[in-house]
Amino acid sequence: MCHGSIMDKLISFSLPLMLSSVLQLMFNAVDIIVVGHFNGSRALAAVGSTTALINIFTNLFIGISLGANVLAARYQASGRGREMSEAVHTAIALALISGIIMAFVGIGASRTALEVMDTPADVIDLSVQYMKIYFAGMPFFMLYNYGAAVLRAVGDTKRPLVFLIVAGLTNVALDLLLVIVIPLGVAGVAVGTVASQLVSSILVIRCLYKSEGSYQLRFSKLRIKWMYLKPIFAVGIPAGIQSTVINFSNALLQSSVNSFGATAMAGYTAANNILGFLYVSVNAVTQACMSFTSQNYSVGKQKRMDRVLVECMILSAGVSLVIGGGAYVFGSQILKIYTADPEVIQCGLEILSITTVPYFLCGIMDLFPGALRGMGHSAVPMILSVIGTVGTRIVWIYGFFPHHRSLHFLFISYPGSWIATILMQAVCFWFVRKQCVRQLKLSRSE
């Protein structure tokens, strides 16, 4: 990450990560497709209505895994093997504890949270059923994400891809078995998801256990050390709060969509899954930007850090324009994969028409915080993202949407919030970048 040409290394790093995330979503799409075709629009709406809530509950801890990634990348680049090992064991212990906590919280709070979101009465029981089973698998979900973060920190994005393929195929097989052969409906796809998370967590933990590097895992060494937890939290908690609060704004959008009824909810579920493919594609580039910036920052290569950000912007914009343009042009055909209901398809098209083509703005918006986290600065970009993204959407939902009630108008808040956030993040990056250069010069002179 610290030597030679950048673009080819960015592609070789981010492509397996991108494919991993796309496969993960594709297997999640199988859940939606199976229930949509074999259990109808109500079941489709039930599964989709839980997405924003699940993200609110989980993304704080997933954000903390980014802190583990940044810390491990620094130790790897500087050859600090003992610190690397202790940081890895702290991260995995944290993953296990946070997963258990999330299981209890999610199972206990699922119905109340769905009621707060005004989930329709004909959908809520199925939604609660799905959420409770899903949250039972949180320990496995957390272990995989933290383990994969460690592997990404040392430049390995290929093995997590293989693990997801195996887990995803398990998910598909169980979906087909538990919905078509054994008609468990929504509960069947939830059980399939939890089983696939168990498989992926076993594979990533086994990989860390069998590795020969400083990131080798030994269960006897699992313990949380504050000296590593503090820098993990310094980067990870602001990132997690940012993601959680943004998903809170998505939950407000979900609540607004719920007011249109089960058909609109089903259309949003399908469209949101398509947008998910766009998000994970640009997010893979953001992850690459963070890891590359972190390693180059640790060895004092400021100019290379700038080149990383610029080339990540080019790569992110190119990827999102290709995929977003394809989703815009072929939206109707893609939505038919999820459902045969023409009214559901029409609702999905309304959402895609305003969100897909400008999605490159979302990619650029996330790159600035990614680069700043790589330099160890996470709090300020978190605050700006909350103000720009969440603030814009809240103003739109409560100030303008009540006077122009349509799905198309509601989702104009997406590109509007991206533009507002980019402007603030770019100014923040310029000031923080100057401060980091001064600090590096002072450390060299000393």
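Our subject in this report is the structure included herewith. (Residues numbered from 1 in each chain as written. Predicted model: local features only at pLDDT ≥ 70, side-chain atom pairs only at ≥ 80, totals over all residues. Heavy atoms only, no water.)

## Observations concerning the state of the cysteines
Okay, so step 1: Tallying each qualifying case throughout the model produces zero disulfides.
Okay, so step 2: Among the cysteines around Cys312, which has no disulfide bond, Cys289 carries the closest sulfur, lying 4.2 Å off. (Disulfide = S-S within 2.5 Å.)

## Digging into a nonpolar patch on the surface
Okay, so step 1: Residues Leu176, Leu177, Ile180, Val181, Ile182 and Leu184 make up a contiguous nonpolar surface patch of about 490 Å² in total accessible area.
Okay, so step 2: As for its position among the elements, Leu184 is in the loop between α7 (158–181) and α8 (186–210). (Patch = residues over 30% accessible without salt bridge, like charges linked within 9 Å, V, L, I, M, F, W, Y side chains within 5 Å. Areas by Shrake-Rupley, 256 points an atom, 1.4 Å probe, with all protein chains shown as cover. Salt bridge = Lys/Arg side-chain N within 4 Å of Asp/Glu carboxyl O. Helix = DSSP H or I, 4+ residues; strand = E, 2+ residues; numbered from the N terminus.)

## Section: the side chain of Thr389
Okay, so step 1: Mapped onto the elements, Thr389 comes out in helix α15 (residues 379–400).
Okay, so step 2: Looking at Thr389, its side chain comes within polar contact range of the side chain of Thr421, at 3.1 Å.
Okay, so step 3: Each residue touching Thr389, except ones within four places of it in the same chain, is listed here: Ile246, Met365, Ser417 and Thr421. (Polar contact = N/O pair within 3.5 Å; in protein donor to acceptor, adjacent residues only side chain to side chain. Contact = heavy atoms within 4.5 Å.)

## Quick notes on the nonpolar core
General note: in soluble globular proteins, nonpolar side chains tend to be found buried as a group.
Okay, so step 1: Of all hydrophobic cores here, the largest spans 131 residues; its most connected members are Tyr146 and Phe411.
Okay, so step 2: Counting residues per element, this core draws most heavily on helix α10 (residues 262–298), which supplies 18 residues.
Okay, so step 3: Setting aside chain neighbours within four positions, we find Tyr146 in contact with Phe61, Ile64, Ser65, Ala91, Ile92, Leu94 and Ala95.
Okay, so step 4: One finds Leu66, Val70, Ala239 and Met290 within the second-largest nonpolar core, a separate group that totals five residues. (Core = buried A, V, L, I, M, F, W, Y, C linked by side-chain atoms within 4.5 Å. Buried < 20%, exposed > 50% of the residue type's maximum accessible area, 1.4 Å probe, protein only.)

## Re the packing of aromatic side chains
Okay, so step 1: Counting across every chain of the model gives twelve aromatic pairs.
Okay, so step 2: Ring geometry for Phe368 and Phe429: centres 5.8 Å apart, planes at 55°, overall tilted. Taken together, the positions of Phe368 in helix α14 (residues 360–374) and Phe429 in helix α17 (residues 413–445) put the pair 61 residues apart, joining distant regions of the chain.
Okay, so step 3: In this structure an aromatic cluster arises from ring pairing among Tyr268, Tyr359, Phe411, Tyr414 and Trp418.
Okay, so step 4: Across from the ring centre of Tyr209, 4.0 Å away, lies the NZ or CZ of Arg218, which sits over that ring.
Okay, so step 5: A cation over a ring is seen here: Arg393 above Tyr414, with NZ or CZ 4.3 Å from the ring centre. (Phe/Tyr/Trp six-rings, centres within 6.5 Å; stacked < 30°, edge-to-face > 60°. Lys NZ or Arg CZ within 6 Å of the ring centre and 35° of its normal.)

## Some words on the environment of Ile205
Okay, so step 1: Within the secondary structure, Ile205 sits in helix α8.
Okay, so step 2: Here Ile205 falls in the buried class, since its relative accessible area comes to 11%.
Okay, so step 3: Along the chain, Ile205 and Leu143 lie 62 residues apart, while their C-alpha atoms are 7.6 Å from each other.

## Here we look at helix α12 (residues 331–338)
Okay, so step 1: Of the positions making up α12, those classed as buried are Gly331, Leu335 and Tyr338. The buried side chains of α12 occupy one side of the element, clustering within an arc of 35° when seen end-on. (Arc of directions from axis to C-beta.)

Honestly, it's all geometry; don't read function into it.
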